[in-house]
Each structure stands twice: as structure tokens, then as C-alpha cells.
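Chain and residue survey
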Amino acid sequence: QRTENLIAMVRGLSEKRQKLAIEIVDLNSKLRTQMQSNQDEKVLVESLETELEKLEIVTGTIPVKGPGLSIYIDKHMPILYVDIIHIINELWAAGAEAIAVNDHRITGHTSIFYAENEHSMAITVNDYQLEYPIIIKAIGDENNLEKGLTIPGGIMDNLALYKAYPIIS
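Read on for a plain summary of the structure. Quantities reported herein were computed from a predicted structural model and do not represent experimental measurements. (Residues numbered from 1 in each chain as written. Predicted model: local features only at pLDDT ≥ 70, side-chain atom pairs only at ≥ 80, totals over all residues. Heavy atoms only, no water.)

Here T110 lies in the loop between β3 (104-105) and β4 (112-116). Overall, the relative accessible area of 19% leaves T110 in the buried class. Polar side-chain contacts of T110 include one of 2.7 Å to the backbone nitrogen of T107. The contact partners of T110, leaving out residues within four places of it in the chain, are R105, V125 and N126. (Helix = DSSP H or I, 4+ residues; strand = E, 2+ residues; numbered from the N terminus. Buried < 20%, exposed > 50% of the residue type's maximum accessible area, 1.4 Å probe, protein only. Polar contact = N/O pair within 3.5 Å; in protein donor to acceptor, adjacent residues only side chain to side chain. Contact = heavy atoms within 4.5 Å.)

Here it is as C-alpha cells:
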């Protein structure tokens, strides 16, 4: 081959090599950006999953476990539905993370009231009649929860005036 042709081929290959080197740099940059984006997406997904789990706990759609206490109310104790509401409110105020009454989770949409059956009135939670014994379970720091319930002049003192002595364990 002629020298001019060889020089033209070398120049063409050299230009092609430079273009390919620039393309490699661009592709490496895109790859790093994509990898960073994937990492950001993973962090975002993990954050959303954590937030979803917290919301499921708050709304009572998933079961929770942890330390806490139980309040046992016998059928011979003169308890009204408002007493149960006061106990629950005291538990929330004392830092309870989750509360259940006879395994019915208490949420912001829970209703506690009376329902009339054939011969008497019954306490209900979300329109489910409570059977005795009524057991209120709360998850949280046991000491804080118990102190919140037994504070002088609190709900337990008020119930004692009516000869109702729920058992806290």
C-alpha cells in the first residue's frame, strides 16, 4: 500500500480510537450515575418500607409484640365502657405503643360503647361484644404504663371508689 493510504488509515483509526475513548468515558459516567440512582432508589424503597411498617402498626393492621402490661377486669367488677376508655387514654398518655382489648386492637377509629342484647347491656369494641374477663394489653415501658395507671387520683383510684380493682400484671 502507498504511504499516503497508510497515513490516512492511521489517522482514521486514531480518530476512531479517540471517539471510542470518549464514548467509554461517557458510558462509565452514565454507569456511575445509574448505579448511584439505583442506590438512591434502594434507600428510598427501604425508607418507604420502614414508614409503611410504622403506619401498619399505628393503624393496627399487623400484629405487634413487645414488653408491656395487662389489665384484668373480672365480670364482678362494676365497670362501665367509659372506665375502659379512661384506662386506654391513661395508657396512651403513659406512652403505650399499641393497645388491645380482648385482642381487638385500639386505633384512632375504634369505637367503645354499649350494645343491647336479649336481657342486658354489653360493652362493645368496634361493635364486637366483649366477653368477661376483659383483658386490656398494652405494649410499652411497663414501669411508665403502671405509673400512669396508678397515679394518685387517677383511674385506678376512681375505680376503687366503686369497689372495682382491676389486676395489673
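Now that the structure has been shown, the text picks up again.
As a volume, the largest pocket reaches approximately 250 Å³. Lining the largest pocket are 18 residues, and of these V64, A100, R105, K137 and I139 lie nearest its centre. Its residues assigned to classes, the lining of the largest pocket shows 10 nonpolar, five polar and three charged. (1 Å grid on protein atoms, 1.4 Å probe; cavity = no way out; pocket = protein on both sides within 12 Å on 5 of 7 lines; lining within 4 Å. Points joined across faces, edges and corners; volume = space filled by probe spheres on them. Nonpolar A, V, L, I, M, F, W, Y, C, P; charged D, E, K, R; others polar.)

Turning our eyes to something else, we now look at the sheet that holds strand β2 (residues 98-101). With antiparallel pairing, the five strands of this open sheet are ordered in space as β3-β2-β7-β1-β8. With partners counted over all chains shown, the strands left at the sheet margins are β3 and β8 (167-168), one partner each. Here β2 runs beside β3; their pairing, made up of two bridges, is antiparallel. Opposite V101, over in β3, you have H104 as the bridge partner. (Pairing = 2+ DSSP bridges.)

Looking now at the pattern of salt bridges. Enumeration over the complete set of coordinates arrives at two salt bridges. Where R2 meets E4, a salt bridge forms, and the shortest distance between an N and an O atom there is 3.3 Å. Taken individually, R2 and E4 each receive the classification exposed, so the pair is uniform in this respect. A salt bridge links K137 to D103, with the shortest nitrogen-to-oxygen separation between them at 3.6 Å. Separated by 34 residues along the polypeptide, K137 in strand β7 (residues 134-139) and D103 in the loop between β2 and β3 bring together distant segments of the chain. (Salt bridge = Lys/Arg side-chain N within 4 Å of Asp/Glu carboxyl O.)

So, to be careful, I would describe these as geometric facts and stop short of saying anything about function.
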